[in-house]
Amino acid sequence: MTKFQDLGISPATMKSLKRMGFEEATPVQAQTIPLSLENKDLIGQAQTGTGKTAAFGIPLIDKIDVNSNVVQGIVIAPTRELAIQVSEELYKIGYGKRARVLSIYGGQDINRQIRALKKFPQIIVGTPGRILDHINRKTLRLENVHTVILDEADEMLNMGFIEDIESILAQTPEERQTLLFSATMPAPIQRMAEKFMKNPEVVKVKAKEMTVPSIEQFYVEVQEKSKFDILTRLLNIQAPELAIVFGRTKRRVDELSEALNLRGYMAEGIHGDLSQAKRMSVLKKFKEGSIDVLVATDVAARGLDISGVTHVYNFDIPQDPESYVHRIGRTGRAGKTGMAMTLITPREKSYLSVVEKTIKRKMEKMVPPTLDEALEGQQKAAIEKILQSIESENLQYYKQAADELLEQQDASTIVAAVLKMLTKEPDSTPVTLTEEKPLPMKKDFRNNDRRGKYDSKNRSKGSFKPRQGQSQGNRRSNHSSSNRTDSRSNSYNR
Ligand SMILES: Nc1ncnc2c1ncn2[C@@H]1O[C@H](COP(=O)(O)OP(=O)(O)OP(=O)(O)O)[C@@H](O)[C@H]1O
Ligand SMILES: [Mg+2]
């Protein structure tokens, strides 16, 4: 275990870390912070939930001159919610130094951002589209930036963002320090990244597997039409504290969250077609626990750090292995345990091996639970509620009524009735879910998706093949619009 004191961090930042409750550096922090403080370019790869934000955040904050009023550091993140989260963490790390951090992202009033930009922020955290928008409006100048960080770097360098990233980098000084972080870094993307870095150090925190060992991983083989019933049974049996259910498309997410509500779950959806206000309110409710199931597209797959997420369900198997790694990484963070379940239709089975090969770990097969098992699970949850109430609540005022009741009925009948009332019985309210086409077979999967994306022949600047379902034309047509935000989330059907 490495102490932060040994990493050459300033006293002011040490004070912030103490306030945050950070006692020891995580491995990625221990390995990258000293290099970063020496201004080295760096590619940092470490598993999900292992503290990459602070790994780049601590040295970034330490290098900010708080007496200077210019933008000195910029962090680019693929989604708005992640940009907000990262800026919040940087704010906390910069608290001791009083560093000024501002997030700018699509979907938020641009004039408000322009006003905030006039207050001399020193660090900008933003989504690519909105950053470019401000550059074009001349409301953001990057000529004094000494540090550029791409969080979720492989995603940022995927063809959906690459041009925007290049345009942003072109606005920064040549001698800047460039830092890339992600839990995944496919080799072709890394090679491409190295082209705009100066002799980068590559720090890969050694791990046998790409996913965190404390996340239990299961798959359930299921017919498309039974998926929803199986999902609800799993929810009933596993009784997650907070769960994220990932669906393939925005329509899927809408239908799933509606269906879950019909069956009595507190669920809401998040995807790229919702207003930013809605996206933020859904996430807030989820963090507060006023909804306990978040249904999401891949827009929520990367970087989000929400405590209490005990379960991740891949209602639809993800489009590529990297997405799997990030999705399930929303649980099992900062040393906690977690559980990930992936529903697989028989035709998609070959996908499983592709994912397993990439992550170097086998998922365990789980037999789909029966209705009886689901009921048993719910009963257990009800019993748990009763026991908790006995332990933590003042039952004095209920004792008399209880005694009177016991005179009329035997104890076992009364308890059975209470249990029945508290048990959420399996519900078969009919729901509508449009059938999703299964993913293409394995051969196509590798060809269309990964090789297509990263093929060395396609790697030269600006010649990336669009992902399936993404039209290059659509994407660019949004480019000049001032309202353009992360258009990518739409074009990717997120
Ligand atoms: N040194 C530390 N001590 C205690 N907690 C830490 C430390 N570093 C980070 N954390 C906490 O661990 C959690 C995960 O950190 P973070 O979000 O940076 O992970 P990540 O590696 O970026 O994951 P992902 O790949 O999913 O983006 C956060 O809640 C963060 O506050
Ligand atoms: Mg992160």
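Note that the structure is a prediction, hence the values are computed from the model and not measured.

**Student:** Sorry if this is basic, but what is going on with the overall build of the protein here?
**Tutor:** Along the protein, the regular secondary structure elements total 20 helices and 16 strands. Relative to its 494 residues, the protein shows a buried fraction of 45%. In the protein, the proportion of contacts linking residues at least 24 apart, taken out of those at least 6 apart, comes to 77%.

**Student:** Just to check I follow, could you spell out the UniProt feature "domain: Helicase ATP-binding" (unreviewed entry) in the protein for this structure?
**Tutor:** Taking the UniProt record as the reference, the feature "domain: Helicase ATP-binding" (unreviewed entry) is found at residues 33-203. With 40% helix and 18% strand, residues 33-203 has end C-alpha atoms that lie 11 Å from one another.

**Student:** What is the right way to read the sheet that holds strand β15 (residues 338-344) from this model?
**Tutor:** Neighbouring strands of a sheet are bound in pairs by backbone hydrogen bonds; such pairs are parallel or else antiparallel. The sheet built from seven strands is open, its strands ordered β12-β13-β11-β14-β15-β10-β16 with parallel pairing. The outermost strands of the open sheet, each flanked by one partner alone, are β12 (267-270) and β16 (364-365). Across five bridges, the pairing between strand β11 (residues 242-246) and strand β14 (residues 309-314) is parallel. Opposite phenylalanine 246, over in β14, you have asparagine 314 as the bridge partner. Of the strands in this sheet, β10 (215-221), β11, β14 and β15 are in contact with helix α10 (residues 227-238), which crosses β15 at around 165°.

**Student:** Can you walk me through the domain arrangement of the protein in this structure?
**Tutor:** Interfaces are often sized by the accessible area lost when the parts come together. Taken domain by domain, the protein comprises domain 1 (4-199 + 466-491) and domain 2 (211-370 + 427-444). Of note, the centres of domain 1 and domain 2, computed from C-alpha atoms alone, are 28 Å apart. Put simply, the parts of the chain that give the side of domain 1 that touches domain 2 at least two residues each are α4 (80-93), α7 (153-156) and α20 (487-491). With four residues, the top contributor of residues to the side of domain 1 that touches domain 2 is α4.

**Student:** Can you walk me through the environment of alanine 77 in this structure?
**Tutor:** Following the sequence through the fold, alanine 77 ends up in the loop between β4 (73-76) and α4. Looking at alanine 77, the number of C-beta atoms within 10 Å reads 28, which means it is buried. Note: C-alpha distance between alanine 77 and aspartate 151 (74 residues apart in sequence) is 5.3 Å. In contact with alanine 77, other than residues within four places in its own chain, are Leu82, Ala83, Val86, Val125, Thr127, Asp151, Glu152 and Gly303.

**Student:** Can you walk me through the site of ligand 1 in this structure?
**Tutor:** The immediate surroundings of ligand 1 are formed by 19 residues, with Thr48, Gly51, Lys52, Thr53 and Ala334 found nearest. Breaking the shell around ligand 1 down by element, the ones donating at least two residues are β2 (24-25) and α3 (52-62). No other element matches the three residues that α3 contributes to the shell around ligand 1. Residues that form the shell around ligand 1 fall into these classes: six nonpolar, nine polar and four charged. The residues that make up the shell around ligand 1 include at least three from each of domain 1 (4-199 + 466-491) and domain 2 (211-370 + 427-444).

**Student:** Is there a simple way to explain the sheet that holds strand β9 (residues 201-204) in this structure?
**Tutor:** Pairing is parallel in the open sheet, where seven strands are placed in the order β5-β6-β4-β7-β8-β3-β9. The outermost strands of the open sheet, each flanked by one partner alone, are β5 (101-104) and β9. Pairs of neighbouring strands in the sheet enclose a mean axial angle of 15°, with direction left out of account. In this fold α3 packs onto β3 (42-45), β4, β6 (123-126), β7 (147-151) and β8 (177-182), with an angle of close to 165° to the strand it touches most, β8.

**Student:** Explain the packing of helix α2 (residues 27-37) against α3 here, please?
**Tutor:** For any two helices packed against each other, one specifies the crossing angle of their axes together with the interaxial distance. Contact geometry of α2 with α3 gives a least axis separation of 9 Å together with a crossing angle of 25°. As far as their axial angle goes, α3 and α2 are roughly parallel. Along this stretch, α2 crosses α3, giving a crossing that reads as right-handed. Across from Val28, Gln29, Thr32, Ile33, Ser36 and Leu37 in α2, the residues of α3 making contact are Lys52, Ala54, Ala55, Phe56, Ile58, Pro59 and Asp62. Looking at the contact of α2 with α3 residue by residue, the class counts come to eight nonpolar, three polar and two charged.

**Student:** Teacher, can you tell me more about the confidence of the model for the protein here?
**Tutor:** When pLDDT drops low, the exact placement of atoms in the prediction is not to be read closely. Counting all residues, the mean pLDDT for the protein is 89, and 89% of those residues have values of 70 or more. The model gives residues 442-492 a pLDDT under 50, and that stretch makes 76 contacts with residues more than four places away or in other chains. Both scores are available for the predicted complex, with the pTM at 0.87 and the ipTM at 0.99.

**Student:** Sorry, what's going on with unusual backbone geometry here?
**Tutor:** Apart from glycine, the bulk of residues carry a negative phi angle, and the bulk of peptide bonds sit in the trans form. The backbone of asparagine 39 sits at a positive phi, close to 65°, despite the residue not being glycine. Position of asparagine 39 relative to the elements: it lies in the loop between α2 and β3. Under the C-beta neighbour-count criterion, asparagine 39 is labelled partly exposed, with 15 such atoms within 10 Å. Even without being glycine, asparagine 199 reaches a positive phi, approximately 35°. By secondary structure assignment, the location of asparagine 199 is in the loop between α9 (187-194) and β9.

**Student:** Could you clarify how one ought to interpret the pairing of β10 in this entry?
**Tutor:** Pairing between β10 and β15: seven bridges, direction parallel. Across the sheet, residue glutamate 221 finds its bridge partner in β15, namely isoleucine 344. Direction of pairing for β10 relative to β16: parallel, over a ladder of two bridges. When the sheet's bridge partners are listed, tyrosine 219 is paired in β16 with lysine 365.

**Student:** What am I meant to see in the pairing of β5 here?
**Tutor:** Regular strands place their side chains on alternate faces of the sheet. Side chains Val101 and Ser103 project from β5 onto one buried face, and the interleaved Leu102 and Ile104 project onto a second face that is buried too. Relative to β6, β5 runs parallel, the two sharing four bridges. Paired with leucine 102 across the strands is isoleucine 124, a residue of β6.

The rules behind the values
Residues numbered from 1 in each chain as written. Chains lettered and ligands numbered in written order. Predicted model: local features only at pLDDT ≥ 70, side-chain atom pairs only at ≥ 80, totals over all residues. Helix = DSSP H or I, 4+ residues; strand = E, 2+ residues; numbered from the N terminus. Buried ≥ 20, exposed ≤ 12 C-beta atoms within 10 Å, placed from the backbone. Contact = placed C-beta atoms within 7 Å. UniProt positions renumbered as here; feature names shortened; annotations may be inferred. Pairing = 2+ DSSP bridges. Axes fitted to C-alpha atoms, helices over the stretch in contact; angles between N-to-C directions. Domains from an automatic or database assignment. Near = placed C-beta within 6 Å. Nonpolar A, V, L, I, M, F, W, Y, C, P; charged D, E, K, R; others polar. Parallel < 35°, antiparallel > 145°, perpendicular 65-115°, else oblique. Left-handed = near helix turned anticlockwise from the far one by under 90°. pLDDT = per-residue confidence, 0-100.

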